[in-house]
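# Observations on the three-dimensional arrangement
Next come the chains, spelled out residue by residue.
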Amino acid sequence: MGIGELCKKFDPKKAIILGLGKAFPHQLVLQDFLVDAYFKITNRHDPDLKQKLVRLCKTTSVKTRYVVMSEEILARYPELAKEGVPTVTQRLDICNSAVTEMAIAASSSCIEKWGRPASDITHLVYVSSSEARLPGGDLYLAKGLGLRPDTQRVMLYFSGCSGGVAGLRVAKDIAENNPGSRVLLATSETTIIGYRPPNADRPYDLVGVALFGDGAGAAIIGTNPSIGTETPLFELHSSLQRFLPDTEKIIDGRLTEEGISFRLDRELPQIIEDNVQGFCDELCEGKMDYNKLFWAVHPGGPAILNRMEKKLALLPEKLAASRRALADYGNASSNTIVYVLEYVLEEEKRRLERGGDEEKGEQWGLILAFGPGITFEGILARNLTV
């Protein structure tokens, strides 16, 4: 595609994703070996709980994940595997350092792909539900990347799984209201903040053990890209955030002396199913043939994806990028939407390489996530690589 054709393809006033990046801790967990390792390093013996976790691991569809937690960390902080011990200070010491390291790595990867120097970044949006400190992780990330002191920073803390799309929405608004700006969105998460040993009184903890992973994601957002230097990926159009009244206990997380206590209600997939079509209709400003869109959905879990697929009558391949991200990385909270978007681009690249008489890829699509509140976040987007 020539430069002139590409310039006609995007709206210079709309925010565009110009680069994506990701990073992970070094510890790779294979789902098939998770159960034995978890009970071994926490020194617990409970056959019933162990079998329950085995069943949960099979239903999550997760194959691999990356985690900060390791035997070395537990050897240094054995109290993390004990019940009733105040460990929030130790957890935050580990988390604050880990999320900064991962955020720097993901952002550096993103900046390299973007093709311009870090000094061209004018704004930073930082998202995390895995740290608590003053100054926040945004400052440590800016310092680690060598950003200019006049870089304008925004933090989104404890937005959970919807944080990545919320960050995109905020970055979009900044970019469109500050012509010439380049906004770095960075997300970074680790499950150490809520890591606990197995306990029969808390069977719901096992869902997190079977499902959640660690990592970081990053994106560069700006308007009117410099063709030849920057590569337009996704053009961001209308955005929408909605919370559902009286659902604040459905995703319940609290910072305690033992870290974050986290619980997902069984009703969550049903609530999302009941409300997703109305939300998508509003985001698209009317009913559409949803099978003519691409879908970049935060994979909160297989039950949520299955319910969405059924409710919206989606073809199985429509949620392929979300299911692939879930299998490869687990639910990595706010980061996961970056991994999904990368897979959407990868699928389009493979389609173009196959060539032949295959139908053209879907240019328009929805970027969606669901988080505490219950909060729905969505962006109508255009894939500029199609």
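Where an unreviewed UniProt entry is consulted, the protein appears under the name chalcone synthase, with the organism given as Salvia miltiorrhiza. What UniProt records for the protein under Sequence similarities (unreviewed entry) is the sentence "Belongs to the thiolase-like superfamily. Chalcone/stilbene synthases family." Note on the protein: under the UniProt heading Function (unreviewed entry), the record states "The primary product of this enzyme is 4,2',4',6'-tetrahydroxychalcone (also termed naringenin-chalcone or chalcone) which can under specific conditions spontaneously isomerize into naringenin."

## Regarding the overall build of the protein
Across its full length, the protein holds twelve helices and 13 strands. By the compact-globule yardstick of 21 Å for 386 residues, the protein fits well, its C-alpha radius of gyration being 21 Å. Overall, the C-alpha framework of the protein stretches about 65 × 50 × 40 Å when taken along its three principal axes. Here the protein holds 386 residues, and the buried ones make up 56% of them.

## Side note on empty space enclosed by the protein
A probe matching the size of a water molecule, rolled over the atoms, marks out where space remains unfilled. In this structure the tally under the stated criterion is one cavity of 30 Å³ or more. Forming the walls of the largest cavity are L80, K82, E83, V85, T87, R91, R196, P197 and E258. Residues of the lining of the largest cavity, tallied by class, amount to three nonpolar, one polar and five charged.

## Quick look at the UniProt feature "domain: Chalcone/stilbene synthase N-terminal" (unreviewed entry) in the protein
Mapped onto this numbering, the UniProt entry annotates "domain: Chalcone/stilbene synthase N-terminal" (unreviewed entry) at residues 14–225. The span residues 14–225 shows a helical share of 42% and a strand share of 21%, and its end C-alpha atoms are spaced 10 Å apart.

## What to know about the sheet that holds strand β6 (residues 182–189)
Across the sheet, which stays open at both edges, the nine strands sit in the order β5-β4-β6-β7-β1-β8-β13-β12-β11 with mixed pairing between neighbours. In this open sheet, the two edge strands, each paired with only one partner strand, are β5 (152–157) and β11 (294–297). In this sheet, adjacent strand axes meet at a mean angle of 25 degrees when their direction is disregarded. Note: strand β8 (residues 234–243) against strand β13 (residues 375–383), eight bridges, orientation antiparallel. Looking at the pairing, F243 lines up with T375 of β13.

## Some thoughts on the confidence of the model for the protein
Looking at the protein, pLDDT values average 94 and 97% of them are 70 or higher. In the predicted structure, residues 1–7 sits below a pLDDT of 50 and forms six contacts with residues beyond four places in sequence or in another chain.

## Some thoughts on the pattern of salt bridges
A complete count under the given rule lists 22 salt bridges for this structure. Ionic pairing is found between R202 and E83, a salt bridge with its closest N-O pair at 3.1 Å. Residue R202 is located in the loop between β6 and α8 (205–211), and its partner E83 is located in the loop between α4 (71–76) and α5 (88–114); the two are separated by 119 residues in the primary sequence. For E83, a relative accessible area of 34% translates into the label partly exposed. One salt bridge in this structure joins E230 and R182, with 2.8 Å as the shortest N-O distance. Taken together, the positions of E230 in the loop between β7 (215–222) and β8 and R182 in strand β6 put the pair 48 residues apart, joining distant regions of the chain. R182 carries the same exposure label as E230, and that label is buried. The structure contains a network of salt bridges with shared partners spanning R116, D120, R182 and E230.

## Some points on unusual backbone geometry
Of the consecutive residues L134 and P135, the connecting peptide bond is found in the cis state with omega at 0 degrees. As for its position among the elements, P135 is in the loop between β4 (123–128) and α6 (137–145). Of the consecutive residues G373 and I374, the connecting peptide bond is found in the cis state with omega at -15 degrees. Mapped onto the elements of the fold, I374 is located in the loop between β12 (364–371) and β13. Backbone geometry places S61, a non-glycine residue, at a positive phi of 70 degrees. Considering the arrangement of structural elements, one finds S61 in the loop between α3 (47–60) and β3 (64–67). Even without being a glycine, S333 presents a positive backbone phi close to 55 degrees. Structurally, S333 is set in the loop between α11 (320–329) and α12 (336–354). What makes S333 buried here is its relative accessible area of 13%.

## Some details on the nonpolar core
One finds L53, I73 and I220 to be the most contacted residues of the largest nonpolar core, which totals 52 residues. For I73, the contacting residues outside a window of four places in its chain are V68, L80, I94 and I192. With 38 residues, the next largest nonpolar core counts A325, Y329, Y339 and I379 among its residues.

Rules behind the numbers
Residues numbered from 1 in each chain as written. Predicted model: local features only at pLDDT ≥ 70, side-chain atom pairs only at ≥ 80, totals over all residues. Heavy atoms only, no water. UniProt positions renumbered as here; feature names shortened; annotations may be inferred. Helix = DSSP H or I, 4+ residues; strand = E, 2+ residues; numbered from the N terminus. Rg over C-alpha atoms; globule rule 2.2 N^0.38 Å. Buried < 20%, exposed > 50% of the residue type's maximum accessible area, 1.4 Å probe, protein only. 1 Å grid on protein atoms, 1.4 Å probe; cavity = no way out; pocket = protein on both sides within 12 Å on 5 of 7 lines; lining within 4 Å. Points joined across faces, edges and corners; volume = space filled by probe spheres on them. Nonpolar A, V, L, I, M, F, W, Y, C, P; charged D, E, K, R; others polar. Pairing = 2+ DSSP bridges. Axes fitted to C-alpha atoms, helices over the stretch in contact; angles between N-to-C directions. pLDDT = per-residue confidence, 0-100. Contact = heavy atoms within 4.5 Å. Salt bridge = Lys/Arg side-chain N within 4 Å of Asp/Glu carboxyl O. Core = buried A, V, L, I, M, F, W, Y, C linked by side-chain atoms within 4.5 Å.

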